[in-house]
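This is what each chain is made of:
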2 protein chains.
Amino acid sequence: MVYQNLPRTQLLELKKELTAEYEKYKAAGLKLDMSRGRPGKAQLDVAIDMLDDKSCVSPSGLDCRNYGILDGLPEIKELFTEAMGVPAANIFIGENASLALMYTAISFAMTFGVGGCKPWSKYDKVKFLCPVPGYDRHFAICEEFGIEMINIAMDSTGPDMDTIEKLVAADETIKGIWCVPKYSNPSGITYSDETVRRFAALKPAAKDFRIFWDNAYCIHELYPDNAVKLLNLYDECVKNGTEDMPYILFSTSKITFAGGGIAAIAMSTANLAEFKRHMSVRTIGADKMNQLRHINFLKANGGFDSIMRKHADLLRPRFETVLNILDEELTGTGAAVWTRPAGGYFISFDTLPGCAKKVVADCRDLGVTLTSAGATYPYGRDPKDCNIRIAPSSPSIEELAQATKVLCLCTKLAAIDVILNAAE
Amino acid sequence: MVYQNLPRTQLLELKKELTAEYEKYKAAGLKLDMSRGRPGKAQLDVAIDMLDDKSCVSPSGLDCRNYGILDGLPEIKELFTEAMGVPAANIFIGENASLALMYTAISFAMTFGVGGCKPWSKYDKVKFLCPVPGYDRHFAICEEFGIEMINIAMDSTGPDMDTIEKLVAADETIKGIWCVPKYSNPSGITYSDETVRRFAALKPAAKDFRIFWDNAYCIHELYPDNAVKLLNLYDECVKNGTEDMPYILFSTSKITFAGGGIAAIAMSTANLAEFKRHMSVRTIGADKMNQLRHINFLKANGGFDSIMRKHADLLRPRFETVLNILDEELTGTGAAVWTRPAGGYFISFDTLPGCAKKVVADCRDLGVTLTSAGATYPYGRDPKDCNIRIAPSSPSIEELAQATKVLCLCTKLAAIDVILNAAE
């Protein structure tokens with residue numbers, strides 16, 4: 001029964017039933033959280049053996065307790081090479097999460113410029129392209145630095161490349177784009193080969209245009225035997241002679257410990273020389289003890305694969321729980337559409353236009369915390385007020401089931417209100 | 001026999017003897033390093049028990065493996081309170097070394113401004129006062145951001161406060177000063193109570209003037225039973241209503257692991273709110289697992305005292321070895337003067353004017369690496385070319401003895417040359 005097609009009386013009756021259900025949930029006093037992509041406790045236990053590691057000497061004989069090694073231990077770079085799709089020599093290891101590396105890269109560009117160009121801060125205004133829906137923390141960095149954000153629509157093949165090609169070719173003040181190319185946050189889509197090729201072939205007016213290729217979920221499959229393949233951007237860029245364009249990000253935040261992982265940024269040889277020159281003033285080097293712990297743990301597990309399979313086994317039933325309930329509760333109502341990602345950390349959920357804020361507020365009223373409506377758009381402004389990001393990783397299956405039922409209930413109620421109001 | 005007073009013939013004879021010795025060292029093919037303040041291996045072993053720690057839950061029940069806690073675990077802040085001389089609520093924990101926090105604080109000031117004032121980057125030029133000799137990495141940050149550095153002379157009570165008071169009161173573009181107030185790098189002097197009081201009472205023209213109080217050696221005594229006391233700047237500032245002036249730095253780099261420690265910055269409540277607003281865009285929080293390891297290790301040892309005594313026992317004979325040889329070889333020659341620090345990591349060594357570069361080059365020629373001459377001055381320019389920083393922490397006693405003898409030899413030779421040339 002598609003709500004849009006129901007007669008008013010029936011809608012009012014349905015609303016009454018659903019409101020009664022709402023009051024029941026309210027009385028239950030739930031306290032559930034599907035707001036952030038935090039790994040669950042069992043996922044953190046996947047890497048618990050790291051804590052048994054008492055070594056402090058790296059395979060090449062370096063005492064990791066002391067100062068030194070600006071760009072990270074060579075062995076950890078080697079281990080990251082395949083996942084990042086770049087040679088070890090192009091990798092810089094630093095910080096405990098890639099967010100700080102992205103922030104720093106933009107800070108350097110603002111203050112010092114990149115690629116020998118003038119600092120971005122010397123422009124009246126610089127702009128970034130933001131495929132939407134996207135990752136709120138990317139957008140927050142742009143807001144912090146006063147970088148104007150331009151929404152770019154996405155479909156199942158990635159962002160709208162026609163628009164991107166046209167915009168970057170025409171406007172020298174467009175300096176970058178945020179991409180989560182695989183299992184995109186929040187939509188879960190993976191860029192098609194053609195999209196990646198078109199990124200590598202971009203001809204931006206700005207010599208210092210940079211693609212922030214935040215490959216946060218590059219090996220984060222839900223169905224490892226049917227892993228989705230993302231074309232290697234760096235290889236394509238090398239073919240096109242555009243290897244100075246991408247900054248490629250990676251971290252173990254969702255592989256080992258979310259708050260105590262290892263992050264990395266990869267870039268062309270020319271970019272890296274410049275990046276290291278600034279980094280060498282900022283730090284003598286990141287925590288090598290944690291790098292060593294990761295080297296030993298990854299080697300003991302034969303690399304990432306078996307580790308990521310354990311994560312998949314923990315995440316898959318969580319995604320399936322949410323998706324099954326969405327199917328049961330909402331399919332055929334026309335009240336919402338959602339994605340079915342084969343990896344990553346999120347499900348993107350679209351209510352009817354004008355409902356997302358109300359749904360998130362109503363869920364909160366019932367004790368279910370969701371990512372703020374609008375968070376997946378620059379400036380927190382979802383033009384259609386319809387997108388909600390669902391993060392199923394952290395709650396238990398039972399909690400997820402309850403929280404998703406609450407979400408469905410609030411989505412239905414909001415949809416009915418919108419339809420009733422529109423008819424008035 | 002003061003070289004200056006020796007007749008030319010005797011000087012030439014001495015030169016011949018010393019040159020023969022030089023050739024002997026050259027043939028020996030030494031490979032020694034007194035260039036950086038790296039802890040020695042035995043010092044790193046002081047904290048080796050940290051590696052036995054398998055816990056991942058903080059005393060207050062937080063799973064430290066997951067995301068969260070922007071400003072650090074409350075328990076580590078409590079443990080740092082006494083050493084830093086500030087309330088726990090004013091401490092921000094982050095990064096693995098204080099260098100990165102200083103860099104970040106200046107980066108924020110350049111890009112966003114501090115205390116509601118306009119960004120430093122909006123000035124044609126901003127300036128920092130630099131007590132000299134000082135720490136090369138402080139100066140490198142200023143160079144990186146194009147901040148003009150003004151040398152400030154130091155004596156045994158600290159930097160020249162008359163000049164500082166006059167300069168900051170007169171010039172709104174002077175935005176900061178670098179201080180290592182206790183066991184200063186490299187001179188080893190500790191600021192007198194009066195100096196600290198005058199810092200707290202500064203009346204800078206710039207509302208956004210900041211004192212970078214890099215208290216890197218605050219508990220780093222060589223003679224713990226005769227610990228040198230530094231007056232608490234923060235308390236003095238609170239009395240004067242100037243608590244927005246200081247940024248107070250601390251780290252465990254020279255307490256636990258040099259490359260895997262915990263760093264902290266403390267500041268007024270108003271400054272901290274601003275700092276955290278920016279930091280919250282940069283990071284979800286530093287590595288809490290390492291914070292937890294430090295909490296447990298410090299608690300198991302009853303705080304810092306017994307740990308720092310072990311370091312003192314390792315460092316003291318090293319300092320004494322260097323100082324004894326300097327005494328034996330150079331006292332009475334007039335070829336050099338040097339400091340006798342009661343803590344910290346360095347001995348400051350002054351050759352005759354115009355000799356430091358030559359001495360460092362000659363030492364390198366003999367296989368002894370020293371900190372580059374000039375490194376202790378802004379822009380690497382020691383106006384008298386006389387200061388050399390000696391870092392005795394890392395080599396063995398035997399190596400130190402050899403390296404110091406080489407330093408003495410080269411210092412004598414350079415002095416003789418200078419005296420001979422002056423007489424021509």
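The rules behind the values
- Residues numbered from 1 in each chain as written.
- Chains lettered and ligands numbered in written order.
- Predicted model: local features only at pLDDT ≥ 70, side-chain atom pairs only at ≥ 80, totals over all residues.
- Heavy atoms only, no water.
- Pairing = 2+ DSSP bridges.
- Helix = DSSP H or I, 4+ residues; strand = E, 2+ residues; numbered from the N terminus.
- Contact = heavy atoms within 4.5 Å.
- Axes fitted to C-alpha atoms, helices over the stretch in contact; angles between N-to-C directions.
- Buried < 20%, exposed > 50% of the residue type's maximum accessible area, 1.4 Å probe, protein only.
- Lys, Arg positive; Asp, Glu negative; His and termini not counted.
- Salt bridge = Lys/Arg side-chain N within 4 Å of Asp/Glu carboxyl O.
- Polar contact = N/O pair within 3.5 Å; in protein donor to acceptor, adjacent residues only side chain to side chain.
- Least-squares fit on C-alpha atoms with pLDDT ≥ 70 in both.
- Arc of directions from axis to C-beta.
- Parallel < 35°, antiparallel > 145°, perpendicular 65-115°, else oblique.
- Left-handed = near helix turned anticlockwise from the far one by under 90°.
- Nonpolar A, V, L, I, M, F, W, Y, C, P; charged D, E, K, R; others polar.

Q: Even after reading the chapter, I still don't get the sheet that holds strand 3 (residues 127–132) of chain B, so can you show me in this structure?
A: Two modes of strand pairing occur in sheets, parallel and antiparallel, and in both the strands are linked by backbone hydrogen bonds. Residues and elements named next belong to chain B. The sheet built from 8 strands is open, its strands ordered 2-9-8-7-6-3-4-5 with mixed pairing. The outermost strands of the open sheet, each flanked by one partner alone, are strand 2 (91–93) and strand 5 (158–159). Here 6 bridges tie strand 3 to strand 4 (residues 148–155), and the two strands are oriented parallel to one another. The partner of Leu-129 across the bridge, within strand 4, is Ile-150. Along the sheet, helix 3 (residues 74–84) makes contact with strand 2, strand 8 (246–251) and strand 9 (263–266), crossing strand 2 at roughly 125°. Sheet strands in contact with helix 8 (residues 233–240) are strand 7 (210–214) and strand 8, and its direction is about 165° off that of strand 8.

Q: Where do I start with the side chain of Asp-53 of chain A in this structure?
A: Its place among the elements puts Asp-53 of chain A in the loop between helix 2 (41–45) and helix 3 (74–84). The buried charged residue Asp-53 of chain A lacks any salt bridge partner; its closest oppositely charged side chain belongs to Arg-293 of chain A, at an N-O distance of 5.8 Å. Looking at Asp-53 of chain A, its side chain comes within polar contact range of the side chain of Asn-296 of chain A, at 2.8 Å. Look past the residues within four positions of Asp-53 of chain A in its chain and what remains in contact with it is Leu-292, Arg-293 and Asn-296 of chain A together with Leu-51 of chain B.

Q: Teacher, can you tell me more about the relation of the copies chain B and chain A here?
A: Two copies of one chain are present, and they are related through a rotation about an axis combined with an axial shift. Least-squares fitting of chain B to chain A yields an RMSD of 0.1 Å, with the superposition described by an axial translation of 0.0 Å and a rotation of 180°. These values place the two chain copies in the arrangement generated by a two-fold rotation axis. Comparing interface residues between copies, 100% of those in chain B also sit at the interface in chain A, which points to an isologous, same-surface contact.

Q: What exactly am I supposed to notice about helix 6 (residues 161–170) of chain B here?
A: Each full turn of the α-helix corresponds to 3.6 residues, which orients residues three or four apart in the same direction. Residue and element names in this part refer to chain B. Of the residues making up helix 6, those classed as buried are Met-161, Ile-164 and Val-168. What you see down the axis of helix 6 is that its buried residues fit within an arc of 55°, all on one side. Residues of helix 6 that are exposed and angled more than 90 degrees away from the buried face: Asp-162, Lys-166 and Ala-170. Tucked into the core, helix 6 has its buried residues touching strand 3, strand 4, strand 5, strand 6 (174–179) and helix 7 (193–200). At the N-terminal end of helix 6, a side-chain oxygen is found 3.2 Å from the backbone nitrogen of Asp-162, two or three residues along, and the residue is Asp-160.

Q: Sorry, what's going on with the side chain of Asp-71 of chain A here?
A: Tracing the sequence through the fold places Asp-71 of chain A in the loop between helix 2 and helix 3. There is a polar contact of 2.9 Å between the side chain of Asp-71 of chain A and the side chain of Lys-77 of chain A.

Q: Would you take a moment to explain the pattern of salt bridges for this structure?
A: Two side chains bearing opposite charge may form a pair once their charged atoms approach each other closely. Tallying each qualifying case throughout the model produces 52 salt bridges over all chains. In this structure, Asp-45 of chain A and Lys-41 of chain A form a salt bridge, with 2.9 Å as the shortest nitrogen-oxygen distance. In this pair, Asp-45 of chain A and Lys-41 of chain A both sit in helix 2, 4 residues apart, roughly one turn of the helix. Between Arg-198 of chain A and Asp-162 of chain A there is a salt bridge, with its nearest N and O atoms 2.5 Å apart. With Arg-198 of chain A in helix 7 (residues 193–200) and Asp-162 of chain A in helix 6 (residues 161–170), this pair connects stretches of sequence that are 36 residues apart. Note on Arg-198 of chain A: relative accessible area 22%, which makes it partly exposed. In this structure, a network of salt bridges that share partners links the residues Lys-41 and Asp-45 of chain A together with Asp-63 and Arg-65 of chain B.

Q: Any chance you could explain the packing of helix 7 of chain B against helix 8 of chain B here in plain terms?
A: Helix-helix packing is described using two parameters, namely the angle between the two axes and the distance between the axes. All names here are of chain B. Taken N-terminus to C-terminus, the directions of helix 7 and helix 8 make an angle of 45°; their axes are 8 Å apart at the nearest point. The angle between the axes of helix 7 and helix 8 places the two elements in the oblique class. Seen along the crossing, helix 7 lies across helix 8 with a hand that is right-handed. Facing Val-196, Arg-197, Phe-199 and Ala-200 of helix 7, the residues of helix 8 in contact are Leu-233, Glu-236, Cys-237 and Asn-240. Split by residue class, the contact of helix 7 with helix 8 holds 5 nonpolar, 1 polar and 2 charged.

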